[in-house]
Amino acid sequence: MSGLLDRRTIEKLSKIPGIGDIPILGQLFRSRDITKSFTELVVIITPVLVDPLTNPTSAPPLPKEVVPNLNQTQFDPSLKSHDKQPKEQVTPPAAQH
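Rules behind the numbers
Residues numbered from 1 in each chain as written. Predicted model: local features only at pLDDT ≥ 70, side-chain atom pairs only at ≥ 80, totals over all residues. Heavy atoms only, no water. Helix = DSSP H or I, 4+ residues; strand = E, 2+ residues; numbered from the N terminus. Buried < 20%, exposed > 50% of the residue type's maximum accessible area, 1.4 Å probe, protein only. Areas by Shrake-Rupley, 256 points an atom, 1.4 Å probe, with all protein chains shown as cover. pLDDT = per-residue confidence, 0-100. Salt bridge = Lys/Arg side-chain N within 4 Å of Asp/Glu carboxyl O.

Draft legend 1. Structural context of the overall build of the chain. Broken down by element type, the chain carries 2 helices and 2 strands. Reading the chain from its N terminus to its C terminus gives the helix and strand order β-β-α-α. Burial statistics for the chain: of 97 residues in total, 3% are counted as buried. For the chain, the accessible surface area stands at approximately 10400 Å², while carbon and sulfur atoms represent 59% of it.

Draft legend 2. Local environment of the confidence of the model for the chain. When pLDDT is averaged across the chain, the result is 77; 76% of the residues are at 70 or more. Element-level pLDDT for the chain is lowest in helix α2 (residues 77–84), with a mean of 60, against a maximum mean of 91 in strand β2 (residues 30–43).

Draft legend 3. Spatial organisation of the pattern of salt bridges. Within this structure, the stated rule accounts for 3 salt bridges. Among the salt bridges present, the one from Glu11 reaches Arg32, with a minimum N-O distance of 3.5 Å. Taken together, the residues span a long stretch of sequence, with Glu11 in strand β1 (residues 2–15) and Arg32 in strand β2 at a distance of 21 residues. Given the relative accessible area of 60%, Arg32 is considered exposed. Note that Asp21 is salt-bridged to Lys15, the shortest N-O span being 2.3 Å. In this structure Asp21 comes out as partly exposed when scored by relative accessible area, which is 47%. For Lys15, a relative accessible area of 47% corresponds to the partly exposed category.

Laid out in structure tokens, this is it:
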């Protein structure tokens, strides 16, 4: 198990040009915004022990591909609107006599 930590502090100062530069009165026309963020990334690795190849010409089996089981309509609201529309009715052509 491993991880990374990211701590950031962003300080943003804003003022109205001209008026914000006045020594005492300028404090009323300035603002300070401090944003603190803390991000942690955790990496978990599961080791798998393998036996050495008995035949050097044979290749080891490839790992299986992991496919996430996600409901696309949960993450893309535009797909929900298409599902609610009535499907087109296809009528067969009239039978020929």
